[in-house]
Amino acid sequence: MSTERPKSDQTVGVNTRLAHGPYDPRLQHGFVNPPVFHGSTVLFPDVATLRDRARQPFSYALSGTPTTKALEDALNELEGSAGTILLPSGLAAVTVPLLAFLSAGDHCLVVDSVYHPTRRFCDGTLTRMGVTVEYFDPHIGGGIAALMRPETKVVFIEAPGSHTFEIVDVAAVAEAARTGGAVTMMDNTWATPLLFRPLDHGVDLSIHALTKYPGGHSDVMMGSVSASREVWPQLRATQLQLGVNAAPDDTYLVLRGLKTMGVRLERHGRSALAVAEWLASRDEVAAVLHPALPDFPGNALWRRQFSGSSGLFGFVLKGGGKTGDAFLNALTLFGLGFSWGGHESLAVPSDLSDRTIAKGPDGGTLIRLQIGLEDVDDLCADLERGFAAARAA
Ligand SMILES: *Cc1c(COP(=O)(O)O)cnc(C)c1O
């Protein structure tokens, strides 16, 4: 009998790989799930091993435990990466790699439709450190070559863009960055590695808010950065220099979430597309911003690069801010709140006041929806309540 489990077998489907491993139950008394190691100290059998501790798989909990290793292994397999670090939030998974690859005097190119807290870090901490930050049009493609300077060290992309859902030509941007000597980082939270694998398109570092679909139940915050072989040593060294890793129970929750991520994501994606199509048919709606809709400007690029769509998209409700507020206040199933990727549907008004290029569509109030695991008919009935309130406003 082979001792090799299906875990590392890329010929089996991704759901099979999510369901099995990446750990071996026989090494944990047959229990199917990995134990949660709480710890700080790791003991060594003798002084020689303590001095030469890199030869031991674990030497101190800050650098990893069997629990964090199980999640890192699972993400490496999904991303096709050489190494993954875990961090206590998705935002930390954005800031740590930026700190790892930027120094005073460097230039950093960031897509204008980036997640707002990423921009806040760039305009705040990075700028204070002496890094010059420049924002670029998400539709720039290979044209980014014209923005590259000798001191450009990082190109940061996110696709689809936060709130406005622009699709970036990832391979074209990554190639121009590489030619110019810069590292490309991509916030891949929307797609998860199931719908897009950045490293296959020339990106060096793939970033995730594990808080979203991998966690999947609105009960945990965590982030990850998965790196190519070339940049892995510097990423890992920076994590250890800064002294940040993920907590054991949180790591376990994300490991558990991964088991069902495939089926959840399929449902989130299907329901979101159904709601988006329904919204597109409404007179009250000026535009639906969903990459899988054929008339969305990024649709062809999305189809070429992504293998599916997840549950987050936006739409423009005709009318001013008061109409939008009335719509949102009338919703009962959709909660008003940030974050996404959990089982429950959420709605937020989009604030694009930070944008300099990707200013979003005109024609009304932009609203972002996260479609949860509820029944689509119930969600549409809730949105119908919103439309009635908006008409009365
Ligand atoms: C939510 C989010 C993050 C940050 O994740 P947290 O775990 O909430 O810190 C980063 N990027 C994107 C695109 C997100 O939506």
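Residues numbered from 1 in each chain as written. Predicted model: local features only at pLDDT ≥ 70, side-chain atom pairs only at ≥ 80, totals over all residues. Heavy atoms only, no water.

## Focus on the overall build of the chain
(1) Moving on: Across its full length, the chain carries twelve helices and twelve strands.
(2) Moving on: By the compact-globule yardstick of 21 Å for 393 residues, the chain fits well, its C-alpha radius of gyration being 22 Å.
(3) Moving on: Each principal axis of the C-alpha distribution contributes one length, and for the chain these read about 75 × 50 × 35 Å.
(4) Moving on: Out of the 393 residues in the chain, the part that is buried amounts to 54%.
(5) Moving on: For the chain, the computed accessible surface area is about 16900 Å², with 55% contributed by carbon and sulfur atoms.
(6) Moving on: In the chain, the 33 positive side-chain charges and the 42 negative ones have mean positions that sit 4 Å from each other. (Helix = DSSP H or I, 4+ residues; strand = E, 2+ residues; numbered from the N terminus. Rg over C-alpha atoms; globule rule 2.2 N^0.38 Å. Buried < 20%, exposed > 50% of the residue type's maximum accessible area, 1.4 Å probe, protein only. Areas by Shrake-Rupley, 256 points an atom, 1.4 Å probe, with all protein chains shown as cover. Lys, Arg positive; Asp, Glu negative; His and termini not counted. Charge placed at Lys NZ, Arg CZ, Asp CG, Glu CD.)

## Structural notes on unusual backbone geometry
(1) Moving on: Residues Ala159 and Pro160 are joined by a peptide bond in cis, for which omega reads -10°.
(2) Moving on: With respect to the helices, strands and loops of the structure, Pro160 is situated in the loop between strand 4 (152-158) and helix 6 (170-179).
(3) Moving on: In this model, His163 sits at a positive phi of 70°, which is unusual for a non-glycine residue.
(4) Moving on: Structurally, the position occupied by His163 is in the loop between strand 4 and helix 6.

## Section: the pattern of salt bridges
Side-chain pairs of opposite charge can arise where the charged atoms are in close proximity.
(1) Moving on: Scanning the entire structure with this criterion turns up 17 salt bridges.
(2) Moving on: Among the ionic contacts, a cluster of salt bridges with common partners joins Arg282, Glu284, Glu384 and Arg391. (Salt bridge = Lys/Arg side-chain N within 4 Å of Asp/Glu carboxyl O.)

## Thoughts on the sheet that holds strand 10 (residues 335-336)
(1) Moving on: One open sheet accounts for five strands, arranged 8-9-12-11-10; its pairing is mixed. Of all the strands in the sheet, just strand 8 (285-289) and strand 10 have a single pairing partner and so form its edges.
(2) Moving on: Direction of pairing for strand 11 (residues 346-349) relative to strand 12 (residues 365-370): antiparallel, over a ladder of four bridges. Pairing of Pro349 across the sheet is with Ile367, part of strand 12.
(3) Moving on: On the sheet, helix 9 (residues 248-280) packs against strand 8, strand 9 (312-317) and strand 12 and is oriented at approximately 10° with respect to strand 9. (Pairing = 2+ DSSP bridges. Contact = heavy atoms within 4.5 Å. Axes fitted to C-alpha atoms, helices over the stretch in contact; angles between N-to-C directions.)

## Examining the UniProt feature "modified residue: N6-(pyridoxal phosphate)lysine" (unreviewed entry) in the chain
(1) Moving on: Residues annotated in UniProt with the feature "modified residue: N6-(pyridoxal phosphate)lysine" (unreviewed entry) correspond here to Lys212.
(2) Moving on: By the secondary structure assignment, Lys212 is in the loop between strand 6 (205-209) and strand 7 (223-227).
(3) Moving on: For Lys212, the residues in contact, after removing those within four places along its chain, are Thr189, Ser339, Trp340 and Gly341. (UniProt positions renumbered as here; feature names shortened; annotations may be inferred.)

## Description of the site of the ligand
(1) Moving on: Residues in close proximity to the ligand include Ser89, Gly90, Leu91, Tyr115, Glu158, Asp187, Ala209, Thr211, Lys212, Met221 and Trp340, which together make up its full environment.
(2) Moving on: Separating an oxygen atom of the ligand from a side-chain N or O atom of Lys212 is a distance of 2.7 Å.
(3) Moving on: Within the contact set of the ligand, an oxygen atom lies 3.2 Å away from a side-chain nitrogen or oxygen of Trp340.
(4) Moving on: Within the complex, the protein chains bury 92% of what would otherwise be the 380 Å² of accessible surface of the ligand.
(5) Moving on: Looking at the shell around the ligand, its residues break down into five nonpolar, three polar and three charged. (Near = heavy atom within 4 Å. Polar contact = N/O pair within 3.5 Å; in protein donor to acceptor, adjacent residues only side chain to side chain. Nonpolar A, V, L, I, M, F, W, Y, C, P; charged D, E, K, R; others polar.)

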